[in-house]
2 protein chains.
Amino acid sequence: MEREDILLMIPGPVVVRPRILRALSRPMIGHRSKEFGRIYDESRRTLMKLFETENEIFVITGSGTSAMEAALGNLLEPEDTAVTIENGKFGERFTLIAERYGKAKPVKFEWGRSIDLDSVEEALVEGAKVVTMVHNETSTGIKNPAKEVSELAHRHGALFIMDGITSIGGDTVLVDEWNVDIGIVGSQKCLGAPPGLSALSVSDSAWNAIVENPPYYMDLRAYRKSAAKEVTQTPYTPSVTLFYALHEALNLIKEEGIETRKERHRRAASAMRAAAEALGIVLFPQLNNTTEYSNTVTAMEIPEGISDKNLRNGMLERNVQISGGQEHLSGKIFRIATMGNFTERDVLTTIQTLEMVLKEYNIIKRIGDGMDAAESTFSR
Amino acid sequence: MEREDILLMIPGPVVVRPRILRALSRPMIGHRSKEFGRIYDESRRTLMKLFETENEIFVITGSGTSAMEAALGNLLEPEDTAVTIENGKFGERFTLIAERYGKAKPVKFEWGRSIDLDSVEEALVEGAKVVTMVHNETSTGIKNPAKEVSELAHRHGALFIMDGITSIGGDTVLVDEWNVDIGIVGSQKCLGAPPGLSALSVSDSAWNAIVENPPYYMDLRAYRKSAAKEVTQTPYTPSVTLFYALHEALNLIKEEGIETRKERHRRAASAMRAAAEALGIVLFPQLNNTTEYSNTVTAMEIPEGISDKNLRNGMLERNVQISGGQEHLSGKIFRIATMGNFTERDVLTTIQTLEMVLKEYNIIKRIGDGMDAAESTFSR
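Conventions and cut-offs
- Residues numbered from 1 in each chain as written.
- Chains lettered and ligands numbered in written order.
- Predicted model: local features only at pLDDT ≥ 70, side-chain atom pairs only at ≥ 80, totals over all residues.
- Helix = DSSP H or I, 4+ residues; strand = E, 2+ residues; numbered from the N terminus.
- Rg over C-alpha atoms; globule rule 2.2 N^0.38 Å.
- Buried ≥ 20, exposed ≤ 12 C-beta atoms within 10 Å, placed from the backbone.
- Contact = placed C-beta atoms within 7 Å.
- Nonpolar A, V, L, I, M, F, W, Y, C, P; charged D, E, K, R; others polar.
- Domains from an automatic or database assignment.
- Pairing = 2+ DSSP bridges.
- Axes fitted to C-alpha atoms, helices over the stretch in contact; angles between N-to-C directions.
- Least-squares fit on C-alpha atoms with pLDDT ≥ 70 in both.

### As for the overall build of chain A
Counting secondary structure elements, chain A contains 14 helices and 15 strands. The globule rule puts the C-alpha radius of gyration for 380 residues at 21 Å, and the 21 Å found for chain A is close to it. With the C-alpha coordinates of chain A rotated into their principal frame, the extents come out at 65 × 55 × 40 Å. Relative to its full complement of 380 residues, chain A shows a buried share of 58%. A separation threshold of at least 6 residues defines the contact pool for chain A, and within that pool the share at least 24 residues apart is 71%.

### Focus on the interface of chain B and chain A
Contacts between chain B and chain A engage 44 residues on the former and 44 residues on the latter. Per element, the largest residue contribution to the side of chain B that touches chain A is four residues, and it comes from helix α3 (residues 64–75) of chain B. Split into classes, the residues belonging to the side of chain B that touches chain A amount to 20 nonpolar, 17 polar and seven charged.

### Regarding the domain arrangement of chain A
Residues and elements named next belong to chain A. Per the domain assignment, the segments of chain A are domain 1 (7–13 + 258–379) and domain 2 (18–254). A C-alpha centroid distance of 27 Å is found between domain 1 and domain 2. Contact with domain 1, which involves 29 residues of that partner, is made by 34 residues of domain 2. Those elements that provide at least two residues to the side of domain 1 that touches domain 2 are α11 (258–278), β11 (292–293) and β12 (297–301). Among the elements that line the side of domain 1 that touches domain 2, the one with the most residues is α11, at four residues. Tallied by class, the residues present in the side of domain 1 that touches domain 2 amount to eleven nonpolar, 13 polar and five charged.

### Looking at the sheet that holds strand β10 (residues 197–202) of chain A
All names here are of chain A. If you walk across this open sheet you meet the seven strands as β2-β10-β9-β8-β5-β3-β4, and the pairing is mixed. The two strands at the open ends of the sheet, each matched to only one other strand, are β2 (56–61) and β4 (103–108). If you compare each strand with its neighbour and ignore which way they point, the axes differ by 20 degrees on average. By the bridge criterion, five bridges tie strand β9 (residues 182–186) to β10 in an arrangement that is antiparallel. Looking at the pairing, Gly-186 lines up with Ser-198 of β10.

### Overview of the relation of the copies chain B and chain A
Copies of the same chain, two in number, are related to each other by a rotation about an axis and a translation along it. Expressed as a screw transformation, the operator carrying chain B onto chain A has a rotation angle of 180 degrees and an axial translation of 0.0 Å, and the superposed copies differ by an RMSD of 0.0 Å. The symmetry that links the two subunits is that of a two-fold axis. Residues of chain B ranked by C-alpha distance from the rotation axis are headed by B:Gly62, positioned 2.6 Å from it. Interface overlap between copies is the fraction of interface residues in one copy that are interface residues in the other; for chain B against chain A it reaches 100%, indicating a shared surface.

### Some points on unusual backbone geometry
All names here are of chain A. Of note, the bond from Gly-12 into Pro-13 is cis; its omega dihedral lies within 30 degrees of zero at -5 degrees. Residue placement: Pro-13 occurs in the loop between β1 (7–8) and α1 (18–24). Phi angles above zero are rare outside glycine, and Asn-179 is one such case at about 65 degrees. If you trace the backbone, Asn-179 turns up in the loop between α7 (175–178) and β9. The phi angle at Asn-362 is positive, at roughly 60 degrees, despite the residue not being glycine.

Right, here's the structure in full:
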């Protein structure tokens, strides 16, 4: 049976609200029309508020990975070094991309462990053109220290590329205050739009360091040139439909209020962690003082007495979809997102469903402790 | 006033039919779900029919340009040469992309003129890894000789990359018979879906010639690996929403019948040319025997007595949008597409509107000659 009513609590794509879904089905318009220019411009201005930046922002038709590649492909030449901080899958992706354009110098930490700033500094001593970091690492449920790493990078003359794909729009990101040279967001995460678009902010320092020969489709100079035209546009045909949805998703964010939205994410992640504790579930990340729990995804160890498959299928049969672990964490952890336009009800429904599955496998004796802990967090 | 009822007769994006628009607003699903895998797989199979190929086909979240870059970025290394045939804007784009990855050796013809096969062969004598050609050049309204150029390329040991972005789904393309190593289509052209997706077919010879270090987001090996998984998927988050629409657009194509669809395009372009002749409008292309008029877009010279701006604004005020010329052809030609899910009524409405504008500027004395000529073509 095809089920269209699954509650998606995975770290993207997230549930898309009906009014955003409806925006998708507006009739097609030309992508060099004034109407498209207006939609794109308004979206860029709202994104600047979410990024907390005066830097210009561009939207690429492509997933977050395409924007990660745009960042590195526009800044790295074969002789350039990128210090790539890895403590999860997406940190690793930056390394893989950097290797296509220049030299990657990964600084590796165990997945789910904090970044040690001294090790990052050590890697920087020999010089690097850029430092990459994933702000919110959804593979492990942690939030990395963007401000501190940016400071380190700039102290050593490097630019700072920050993947904010799963934090911007749901958590505090201060691109200008933190001095982020390229910041990145994806449409299908905290923004609550469908997947297929990504956006980047580009600092003056980044513009000054841009390479001669970036990838063509992701050439940031072309995006800047097209955005500066009399009618704002993109260099190649954009997904007009997804721009409608992004625009509507950003309208919804403005209506909610950016601070209220962040607070909603913070409270939901707190509630999820409180529920885990009450249910005897161990949080996966092991943090020191530089790193925090993510506010948009909670990673937990799979409890004794149930397999990954049975846990997630048990949830899915009850119409709630959560995620497993990626790569070597597959079978070891599960992840629940609190990302985008979810409600408290969605969070409580997810916890309730989790409790039902745990009870079925005799891991807990009664339903309610997780929900009670979460509710206490919400009502605090 | 925002007008949502404009008849888009530009060469992409084209009008998207209501049932395809409705498919866009289906609820979000995870992109590694069985349901997504089913949608992707079915779409790939239908695309194989449209491409007339047994080669595997992959869909990229990105516009046609991203697929053009995927083709060249996966086949060219710095020392490799691409012979890039140019007789319009999109042919030129292949040159620009090839220069980012290897050496481009453009074979240039005046925009709108036929390709001279001897000149192409001359360029191939010194050897090349690939030859690129735009099958249907929308910037000038011509259809280039794919079979002949492919034969030339292979005779000289080169691979043949064919941009079928604006022909596949609306005109005859025989990827296997013509021996096309990489064929490309865009979602927003003859397929009648919204923009934001592109698809490529990859031959065995192309797989054997793939480079070590292609762009990351467009790495075709990653697409092949993900498509071969137990649940068919894409390597990075795809635009789920656009895949819904593409799937529905392909269903509509199957219902119409591929041959019927091509015939509809052929007749419409004939009708458009007949109308132009009846109205004293000169067709822009100057063709020899290797090249034909496009069946998906008609390029015409702007008649004496009206400016580009007045012509197109006159149409737009009457709710029909057509295109002007690109680059140096701006102000000299105008273009009307017969692409995707248009109807005879749409074509006749466009001609009628054109006649109204021409009469307003005293270029024709009475309304009806163009429509009459078109109608005769349709009813033939």
